[in-house]
Amino acid sequence: MVKRYNIAISMDFMDAAFGGIFTNGLRQNNIFLYRMFKASKNCANVWLLNVGAPDYTFPEGTLGLDAGAIVRFDQIKDDLDYLIVVGTRPGPEQVKHLRDRGCKIIFYKGGNSAILSMEAMADAEVDKYGEFYFDREFYDTLWMTPQHIRSYAGWARTMYRVDVHEVPQVWDSSMLELQDETTRGGFGYRKKKPGEKWKVGVTDPNITVMKTVHMPALVCETAYRKRPAAFEKIYITNSLQFMQNAHFISFMEALSATRDGVMSVEQRFMLYDFLAKHVQVIVTHHWENGLNYLYYEVLYGNYPLIHNSEFLKDYGYYYKDFDAEDGARALLTAFKEHDRSLKAYSARNAELFARLDPQSAENIRLHEKLMFAL
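None of these values were measured; they are calculated from a predicted model. (Residues numbered from 1 in each chain as written. Predicted model: local features only at pLDDT ≥ 70, side-chain atom pairs only at ≥ 80, totals over all residues. Heavy atoms only, no water.)

Describing the overall build of the protein chain
1) Next: The number of helices and strands found in the protein chain is 14 helices and 13 strands.
2) Next: In terms of overall dimensions, the protein chain is globule-like: its C-alpha atoms have a radius of gyration of 22 Å, near the 21 Å expected for 374 residues.
3) Next: Seen through its C-alpha atoms, the protein chain measures out along the principal axes to roughly 65 × 45 × 35 Å.
4) Next: Within the protein chain, buried positions represent 55% of all 374 residues.
5) Next: Considering only residue pairs separated by 6 or more positions, the protein chain has 69% of its internal contacts joining residues 24 or more positions apart.
6) Next: Accessible area for the protein chain stands at about 17200 Å²; split by element, carbon and sulfur atoms hold 51% of it.
7) Next: Across the protein chain, 44 positive and 47 negative side-chain charges occur, with their mean positions spaced 5 Å apart. (Helix = DSSP H or I, 4+ residues; strand = E, 2+ residues; numbered from the N terminus. Rg over C-alpha atoms; globule rule 2.2 N^0.38 Å. Buried < 20%, exposed > 50% of the residue type's maximum accessible area, 1.4 Å probe, protein only. Contact = heavy atoms within 4.5 Å. Areas by Shrake-Rupley, 256 points an atom, 1.4 Å probe, with all protein chains shown as cover. Lys, Arg positive; Asp, Glu negative; His and termini not counted. Charge placed at Lys NZ, Arg CZ, Asp CG, Glu CD.)

See below:
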């Protein structure tokens, strides 16, 4: 019989809506992990360990979090069996206290710090995030999701001197609950009216070479040249700040969709709201980052997702890596076929979400198997 365990997940909160969970995927990841462990019959208690400056409490009932789910270190330091460090960590003295009493510490890598570190070196004039290894002896094991294994697992294994294990990414639609009533009511793909053109969104964040708007813009441009009558608008979001950047200006001005007034440069949007109110399709591209919550949010609404993620070849409309022509093919195929294949598209997506579900027995089993092996 498995002894019931207490576990915490490190998290820093911000003075922002819902503690800043929409500022990056790591904070959302923590919520999904919390929901997973809470669903386990083996878990006695699961907490979110606030290691940030601001105190924060979610409104009661939000996201299925228990009252008192968010704690400070001193409240649980003598009760923990496992600590999962995600993005931010306790200090050395706190780690020593946990180790001395036998708590196992798991480093959960939600991002590809290998590439982020390369970027920090390549752009030496900018104080950009790169890994720091003062914590290189803090951990008992390291977990990462599949999209980072190829380029980062060996790097992390060498630097942190522990085994690296692949864990499945988990996700559910709970973040949609936090949107306002108008967004929730408008969310979900609606079939085109006769003669209706598409409004396309490009939402890659432009904060790392792993996810920029370049390839999606080229995919849209290629599709537009082939069939301009299909497109009403193409919104290149998360890019307004680059309108003083010589490269970006040159890049956009070279595109016929821009010159024809169809493609425009826009600010950042909340994705759920953007889908509910502005666009019918998302075009995206990644490099060494083939799983992210954007894909799942788009697919959950049954919107066409035009993507190059090798991990999701069976979902959305896949195109070959760095191939704008193949991306245009995928986009125009979606324009032609999506409405009539919507039922099958939705059924496939449902299978994906069952696999991603944090509360699924299989996901709980896989994570606990690695924990208990420690």
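Now that the structure has been shown, we can carry on.
Some points on the sheet that holds strand β2 (residues 43–50)
1) Next: The strand order β3-β2-β1-β4-β5-β6-β7 describes an open sheet built from 7 strands, whose pairing is parallel. Every interior strand has two partners, whereas the edge strands, β3 (70–71) and β7 (164–166), have only one.
2) Next: Bridge count for strand β1 (residues 5–11) against strand β4 (residues 82–86) is 3 bridges, and the pairing is parallel. Residue pairing in the sheet places alanine 8 in a bridge with leucine 83 of β4.
3) Next: Helix-sheet contacts for helix α14 (residues 361–372) involve β1, β4, β5 (104–109), β6 (141–144) and β7, and the interaxial angle to β1 is about 100 degrees. (Pairing = 2+ DSSP bridges. Axes fitted to C-alpha atoms, helices over the stretch in contact; angles between N-to-C directions.)

Quick look at the pattern of salt bridges
1) Next: Scanning the model with the defined rule gives 18 salt bridges in all.
2) Next: Residue arginine 72 is joined to aspartate 55 by a salt bridge in which the shortest nitrogen-to-oxygen separation is 2.7 Å. Here aspartate 55 lies in the loop between β2 and β3 and arginine 72 lies in the loop between β3 and α2 (73–76), a separation of 17 residues in the sequence. (Salt bridge = Lys/Arg side-chain N within 4 Å of Asp/Glu carboxyl O.)

Observations concerning the environment of serine 173
1) Next: The topology assignment puts serine 173 in the loop between β7 and α6 (181–186).
2) Next: On the accessibility criterion, serine 173 (21% relative accessible area) is partly exposed.
3) Next: Separated by 3.2 Å, the side chains of serine 173 and tyrosine 300 make a polar contact. (Polar contact = N/O pair within 3.5 Å; in protein donor to acceptor, adjacent residues only side chain to side chain.)

Focus: the packing of helix α4 (residues 113–122) against helix α5 (residues 149–160)
The description of two helices packed together rests on the angle between their axes and the distance between the axes.
1) Next: Orientation of α4 relative to α5, taken along the N-to-C sense of each, is 80 degrees, at an axis distance of 8 Å. The angle between α4 and α5 falls in the class roughly perpendicular. When α4 is examined against α5, the residues Ser113, Ala114, Ser117 and Met118 are found in contact with a partner set consisting of Ser151, Tyr152 and Trp155. (Parallel < 35°, antiparallel > 145°, perpendicular 65-115°, else oblique.)

Quick notes on the layout of surface pockets
1) Next: One number sums up the size of the second largest pocket: a volume of about 280 Å³.
2) Next: Lining the second largest pocket we find 18 residues, and of these Arg190, Glu196, Ala276, Val279 and Gln280 sit closest to its centre. (1 Å grid on protein atoms, 1.4 Å probe; cavity = no way out; pocket = protein on both sides within 12 Å on 5 of 7 lines; lining within 4 Å. Points joined across faces, edges and corners; volume = space filled by probe spheres on them.)

A short note on the packing of aromatic side chains
1) Next: Counting across every chain of the model gives 28 aromatic pairs.
2) Next: Measuring from ring centre to ring centre gives 4.3 Å for phenylalanine 107 and tyrosine 139, while their planes differ by 20 degrees; the resulting arrangement is stacked. Residue phenylalanine 107 is found in strand β5, and its partner tyrosine 139 is found in the loop between α4 and β6; the two are separated by 32 residues along the sequence.
3) Next: With a relative accessible area of 6%, tyrosine 139 lands in the buried category.
4) Next: Residues tryptophan 171 and phenylalanine 353 carry aromatic rings whose centres are separated by 5.4 Å and whose planes lie at 40 degrees to one another, so their mutual orientation is tilted. Linking tryptophan 171 in the loop between β7 and α6 with phenylalanine 353 in helix α13 (residues 342–356), this pair joins segments that are 182 residues apart in sequence. (Phe/Tyr/Trp six-rings, centres within 6.5 Å; stacked < 30°, edge-to-face > 60°.)

Some thoughts on the side chain of glutamine 28
1) Next: One can find glutamine 28 in helix α1 (residues 25–38).
2) Next: At a separation of 3.1 Å, a polar atom in the side chain of glutamine 28 contacts the main-chain carbonyl oxygen of isoleucine 21.
3) Next: Ignoring sequence-local partners within four residues, the contact set of glutamine 28 consists of Ile21, Phe22, Met175, Tyr293 and Glu297.

Concerning the environment of glycine 130
1) Next: Locating glycine 130 in the fold gives a position in the loop between α4 and β6.
2) Next: A residue is classified by how much of its surface remains accessible, and glycine 130, at 9% relative accessible area, is buried.
3) Next: Considered as a pair, glycine 130 and serine 309 are 179 residues apart in the sequence and their alpha carbons are 25 Å apart.
4) Next: Not counting chain neighbours up to four residues away, the residues in contact with glycine 130 comprise Leu116, Ser117 and Ala120.

Structural notes on the nonpolar core
1) Next: Counting residues in each nonpolar core, the largest one holds 95 residues, and the members touching the most others are Phe37 and Tyr296.
2) Next: Setting aside residues no more than four positions away along its own chain, phenylalanine 37 makes contact with Tyr5, Ile7, Ile9, Cys43, Val46, Ile84 and Met371. (Core = buried A, V, L, I, M, F, W, Y, C linked by side-chain atoms within 4.5 Å.)

Some thoughts on the sheet that holds strand β11 (residues 281–283)
1) Next: Strand order in the open sheet made by the 6 strands is β10-β9-β8-β11-β12-β13, with parallel pairing throughout. The sheet is open, and its two edges are formed by β10 (263–265) and β13 (317–318), each paired on a single side.
2) Next: Summarising the sheet, strand β8 (residues 198–202) and strand β9 (residues 231–236) pair through 5 bridges and their orientation is parallel. Counterpart to valine 200 in the pairing with β9 is isoleucine 234.
3) Next: Each of β8, β9, β10 and β11 is contacted by helix α7 (residues 214–226), which is oriented at about 165 degrees to β9, the strand it contacts most.

Side note on a nonpolar patch on the surface
1) Next: Together, Tyr129, Phe132 and Phe134 make up a nonpolar patch on the protein surface, roughly 370 Å² of accessible area in all.
2) Next: Among the structural elements, phenylalanine 134 can be located in the loop between α4 and β6. (Patch = residues over 30% accessible without salt bridge, like charges linked within 9 Å, V, L, I, M, F, W, Y side chains within 5 Å.)

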